[in-house]
Amino acid sequence: MTQDELKQAVAKAAADYVAANVPAGSVIGVGTGSTANFFIDELAKIKGRISAAVASSEASRKRLTSHGIKVIDLNEVEHMPVYVDGADEITAGLAMIKGGGGALTREKIVAAVAGKFICVCDQSKLVDTLGKFPLPVEVIPMARAHVARELEKLGGKPKLRENFVTDNGNVILDVHGLVITGPAAFETKLNQITGVVTNGLFACRGADLLLLATPDGVRSMGR
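Residues numbered from 1 in each chain as written. Predicted model: local features only at pLDDT ≥ 70, side-chain atom pairs only at ≥ 80, totals over all residues. Heavy atoms only, no water.

S.K.: Tell me about a nonpolar patch on the surface, residues and numbers included.
M.R.: A surface patch of nonpolar side chains, about 300 Å² in accessible area, is lined by Ile140, Met142 and Val197. Structurally, the position occupied by methionine 142 is in the loop between β7 (135-139) and α5 (144-153). (Patch = residues over 30% accessible without salt bridge, like charges linked within 9 Å, V, L, I, M, F, W, Y side chains within 5 Å. Areas by Shrake-Rupley, 256 points an atom, 1.4 Å probe, with all protein chains shown as cover. Salt bridge = Lys/Arg side-chain N within 4 Å of Asp/Glu carboxyl O. Helix = DSSP H or I, 4+ residues; strand = E, 2+ residues; numbered from the N terminus.)

Shown next as structure tokens:
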């Protein structure tokens, strides 16, 4: 199977999960990226089961509305049973690196509100230790150099993501060369650096359920 076929399979599995487990008329959270795009396309087939979606990026909002799915602001939502999104890396313990698409802050906010975080990805994203994929850190522009120096002190090699501004008007430093053995503690430590908006470690609030696409079918890990 090609990588796109794997993404398609896991996106369908996630839509089937929503159809079977999420109460009719619910608002659901939708992530950002290539696998999330496949999920949005599958969600369109069952859009009558949900009342609206909360998007973690402008790109996802546009794709949802193109399918006729109502998108609302997170501040209007009191309860959101699930959030579905991909990952750049994920461990068997369901800690993740996210933010390759640059939407990490909004993704983290939407995930914090959801009752359940469902991660959808193909088997190439499952790793023993996080860090081979560069860790995105969203930074207030005026603090870029300061944050870069602090990240270097922690053993990282930060690189400015060129010609990119987040939906929040900030910049991203992609941190190379990390071996992250304690992701929750490291996530907290990075967020204490003045000027950091947030970082792409999703460990303090990791996934609850991983739907992992393999050539032999979609595996479920977690609850």
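Next comes the rest of the write-up.
S.K.: Tell me about the environment of phenylalanine 39, and please be specific about residues and values.
M.R.: In this fold, phenylalanine 39 is placed in helix α2 (residues 34-43). Given the relative accessible area of 0%, phenylalanine 39 is considered buried. Taking C-alpha positions, phenylalanine 39 is 26 Å from aspartate 174, a pair spaced 135 residues apart along the chain. Leaving out residues up to four positions away in the same chain, phenylalanine 39 has contacts with Ala11, Ala14, Ala15, Val18, Ile28, Val30 and Val84. (Buried < 20%, exposed > 50% of the residue type's maximum accessible area, 1.4 Å probe, protein only. Contact = heavy atoms within 4.5 Å.)

S.K.: Could you give an account of the pattern of salt bridges, with specific residues and numbers?
M.R.: As enumerated under the stated definition, the model contains 11 salt bridges in all. Arginine 61 is the partner of glutamate 58 in a salt bridge, and the nearest nitrogen-oxygen pair spans 2.9 Å. Note that glutamate 58 and arginine 61 are positioned in helix α3 (residues 58-66) at a spacing of 3 residues, about one turn of the helix. When its relative accessible area of 32% is taken as the criterion, glutamate 58 is described as partly exposed. The exposure class assigned to arginine 61 is partly exposed, which follows from its relative accessible area of 30%. The closest approach of N and O atoms between aspartate 85 and lysine 98, which form a salt bridge, is 2.7 Å. A residue pair is termed long-range when its members are at least 10 positions apart, and aspartate 85 in strand β3 (residues 82-85) and lysine 98 in the loop between β5 (96-97) and α4 (104-113) qualify at 13 residues. The class for aspartate 85 is buried, based on a relative accessible area of 0%. Of the residues examined, lysine 98 reaches a relative accessible area of 2% and is grouped as buried.

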